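Reading the structure
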Amino acid sequence: RVPFGEGGRATGVEVSIGGQDGEAAERRRVFYRATKEVILAAGTFNSPKLLTLSGVAEPRELELLGIPLVASSPEVGRNLHEHVGL
């Protein structure tokens with residue numbers, strides 16, 4: 001996920017490392033702090049997923065998922081259904 005600081009600016013990237021097949025006990029979270037900027041380039045499916053997990057999406061969707069709102073962006077993932085054939 002992409003954590004955001006005061007003013008809504010991305011501060012880095014938080015990743016989950018380790019574990020396989022959902023073995024949460026072996027996973028650990030690591031935070032990489034950005035020194036200048038964060039560029040999110042995770043592809044057609046994962047970019048909207050990362051934005052949503054980070055709190056940037058449609059507010060109602062975030063509320064249903066229990067994710068705190070960082071920025072209201074109803075466009076995130078809106079046309080994802082058009083890529084079903086990929």
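Let us look at the structure shown here. (Residues numbered from 1 in each chain as written. Predicted model: local features only at pLDDT ≥ 70, side-chain atom pairs only at ≥ 80, totals over all residues. Heavy atoms only, no water.)

As for the overall build of the protein
- Scanning the protein from N- to C-terminus turns up 2 helices and 4 strands.
- When the helices and strands of the protein are read in sequence order from the N terminus, they spell out β-β-α-β-α-β.
- Across the 86 residues in the protein, those meeting the buried criterion constitute 20%.
- For the protein, the proportion of contacts with a sequence separation of at least 24, taken over those separated by at least 6, is 22%. (Helix = DSSP H or I, 4+ residues; strand = E, 2+ residues; numbered from the N terminus. Buried < 20%, exposed > 50% of the residue type's maximum accessible area, 1.4 Å probe, protein only. Contact = heavy atoms within 4.5 Å.)

What about helix H1 (residues 43–53)?
- Here H1 has its buried residues at Ser-47, Pro-48 and Thr-52. The buried side chains of H1 occupy one side of the element, clustering within an arc of 130° when seen end-on.
- Buried-residue contacts for H1 involve strand E3 (56–57) and helix H2 (59–65).
- Trailing H1 by a residue or two, Gly-55 shows a phi angle of about 95°, which is positive. (Arc of directions from axis to C-beta.)

Observations regarding the layout of surface pockets
- Here the largest pocket is characterised by a volume of approximately 320 Å³.
- If you trace the largest pocket, you find it lined by Arg-1, Glu-14, Val-15, Ser-16, Arg-27, Arg-29, Asn-46, Lys-49, Leu-50 and Leu-53.
- Counting residues per element, the ones that place at least two in the lining of the largest pocket are strand E1 (12–17) and H1.
- For the lining of the largest pocket, the element with the highest residue contribution is H1, accounting for 4 residues.
- Partitioning the lining of the largest pocket into residue classes produces 3 nonpolar, 2 polar and 5 charged.
- Estimated volume of the second largest pocket: approximately 190 Å³.
- If you trace the second largest pocket, you find 14 residues lining it, with Arg-9, Ala-10, Thr-11, Glu-37 and Val-38 closest to the centre.
- Taken together, the residues that form the lining of the second largest pocket break down as 8 nonpolar, 2 polar and 4 charged. (1 Å grid on protein atoms, 1.4 Å probe; cavity = no way out; pocket = protein on both sides within 12 Å on 5 of 7 lines; lining within 4 Å. Points joined across faces, edges and corners; volume = space filled by probe spheres on them. Nonpolar A, V, L, I, M, F, W, Y, C, P; charged D, E, K, R; others polar.)

Some thoughts on the environment of Pro-3
- Here Pro-3 is to be found in the segment before E1.
- Apart from the residues within four sequence positions on either side, Pro-3 is in contact with Arg-9, Ala-10, Thr-11, Gly-12, Val-13, Glu-14 and Phe-31.

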